[in-house]
Amino acid sequence: MTSLAQARALLLSPLGPVARAGSNHDAVRVSFEFFPPKTDEAEANLWKAIRRLEPLNPAFVSVTYGAGGSTRERTHRTVQRIIAETALRPAAHLTCVEASRDEVDEVIAGYKAIGVDHIVALRGDPPGGAGIGGVYRPRNDGYANATELTRAISRAGGFDITVGVYPEQHPESPSIDHDIDVLKAKVDAGATRAVSQFFFDIDAFLRFRDRVRAAGVTIPLIPGVMPVSNFAGLTRMCGACGASIPDWLKAHFDGLDDDSETRKLLAASVAAETCARLQEEGFSDFHFYTLNRADLVYAICRVLGVRETKAAA
């Protein structure tokens, strides 16, 4: 939290939050999310991004896992290569949609066997292309939700467990209070940190943070940040996950359909200011949804004072 004296100093500062971030000497920890590639070209782009971001010494890098295990083998191969060829700590995603408990337990054991000690436990999207908010029916022989999945990973032992949260309410949830109750259940099941879905309404995220803390949840709550320069794609993603798009953000991208360079500059600017403001609210951990691209994320990390380590460089 920002103290009264700190708040007054910020109000009187002639600098904006991004400029102030450059003079902030508090340590910032970052983490990055990648998705497993489908083609040789996509794999080359992924590894170009990994090599660009590796010297920033992230706390961990997560690798996504498709609904129903649709990317299971590609996720596993990507994680194995990260372990073999980098100094990075991978956090493998795991879902329980369209999988039996035995199948999920096999994946957990497989991760442990190759040296993975961090799993991101997510229920996963409903099958059939419905996406988040569609009708979800758990298998009778499967784990019903992320809480049960978290408990199974915790029972296996030896894992750090990250779970997800939706600061503007999960599309299938009746209320924010219900979401917080679910988060508390995940913590009781063994979750050690929570990473948020991406968002653009900073005040909504801060209100969510306050309610989570008031409910007695003390595990780290890490804001998820996604610098997106494709506004049409962003609109589709926000529609699926329930993240709101402020009018000012729409105005920024209006009329730029054929101007990709300006869109990139705007995306970096918005994400950098989001992080800088949250840093002034006491956040020192940030999780970036990279979309397997490094340029914008690298620039934002520079704004936050994250530099290449000498050993990595």
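Above this text you will find the structure in question.
For the structure given in this document, a descriptive report is provided here.

So, how was this worked out
Residues numbered from 1 in each chain as written. Predicted model: local features only at pLDDT ≥ 70, side-chain atom pairs only at ≥ 80, totals over all residues. Heavy atoms only, no water. Helix = DSSP H or I, 4+ residues; strand = E, 2+ residues; numbered from the N terminus. Buried < 20%, exposed > 50% of the residue type's maximum accessible area, 1.4 Å probe, protein only. Contact = heavy atoms within 4.5 Å. Areas by Shrake-Rupley, 256 points an atom, 1.4 Å probe, with all protein chains shown as cover. Salt bridge = Lys/Arg side-chain N within 4 Å of Asp/Glu carboxyl O. Core = buried A, V, L, I, M, F, W, Y, C linked by side-chain atoms within 4.5 Å. Expected span 1.5 Å × (residues − 1). Arc of directions from axis to C-beta.

### Quick word on the overall build of the chain
Helix and strand counts for the chain come out as 12 helices and eight strands. Going through the 313 residues of the chain one by one, you find that 49% of them count as buried. Put simply, of all contacts in the chain between residues at least 6 apart along the chain, 78% involve residues at least 24 apart. For the chain, the computed accessible surface area is about 14900 Å², with 50% contributed by carbon and sulfur atoms.

### Notes on unusual backbone geometry
One non-glycine residue, Glu98, lies in the positive phi region at around 60 degrees. Structurally, the position occupied by Glu98 is in the loop between β3 (90-94) and α5 (101-113). We classify Glu98 as partly exposed; its relative accessible area is 44%. Phi at Leu291 takes a positive value of approximately 55 degrees, unusual for a residue other than glycine. Residue placement: Leu291 occurs in the loop between β8 (285-289) and α12 (295-303).

### Overview of the environment of Glu103
Along the chain, Glu103 turns up in helix α5. On the basis of relative accessible area, Glu103 is assigned to the partly exposed category, the value being 34%. Residues Glu103 and Asp141, 38 residues apart in the sequence, show an inter-C-alpha distance of 10.0 Å. Discounting chain neighbours no more than four positions away, the residues touching Glu103 are Arg72, Glu98 and Arg139.

### Topic: the pattern of salt bridges
Evaluation of the coordinates by the stated rule reveals 15 salt bridges. Among the salt bridges present, the one from Arg139 reaches Asp141, with a minimum N-O distance of 2.9 Å. On the basis of relative accessible area, Arg139 is assigned to the partly exposed category, the value being 33%. Connected through salt bridges with shared partners, the residues Glu43, Arg51, Glu54, Arg81 and Glu85 form a single ionic network.

### Considering the nonpolar core
Buried together is how nonpolar side chains tend to be arranged in soluble globular proteins. Among the nonpolar cores identified, the biggest contains 66 residues, and Phe32, Leu94, Ile153 and Phe288 are the most heavily contacted of them. In contact with Phe32, not counting residues within four places along its chain, are Leu53, Leu56, Pro58, Phe60, Val61, Ser62, His287, Phe288, Thr290, Val297 and Cys301. Core analysis: the next-biggest nonpolar cluster, separate from the first, contains 18 residues, Phe200, Leu234, Cys238 and Leu249 among them.

### Here we look at the side chain of Ser62
Note that Ser62 resides in strand β2 (residues 60-63). Not counting residues within four places of it along the chain, the set of residues in contact with Ser62 comprises Phe32, Glu33, Phe34, Ala91, His93, Val120 and His287.

### Structural notes on helix α3 (residues 40-53)
Every α-helix winds through 3.6 residues per turn, so residues three or four apart in the chain are directed the same way. The first and last C-alpha atoms of α3 sit 20 Å apart over 14 residues, in line with the 20 Å expected at 1.5 Å per residue. Here α3 has its buried residues at Leu46, Trp47, Ala49, Ile50 and Leu53. The arc that holds the buried residues of α3, viewed along the axis, is 155 degrees, so those residues lie on one side. Exposed residues pointing more than 90 degrees away from the buried face of α3 are listed as Asp40, Glu41 and Lys48.

Interpretation note: all reported values are geometric properties and have no functional meaning in isolation.
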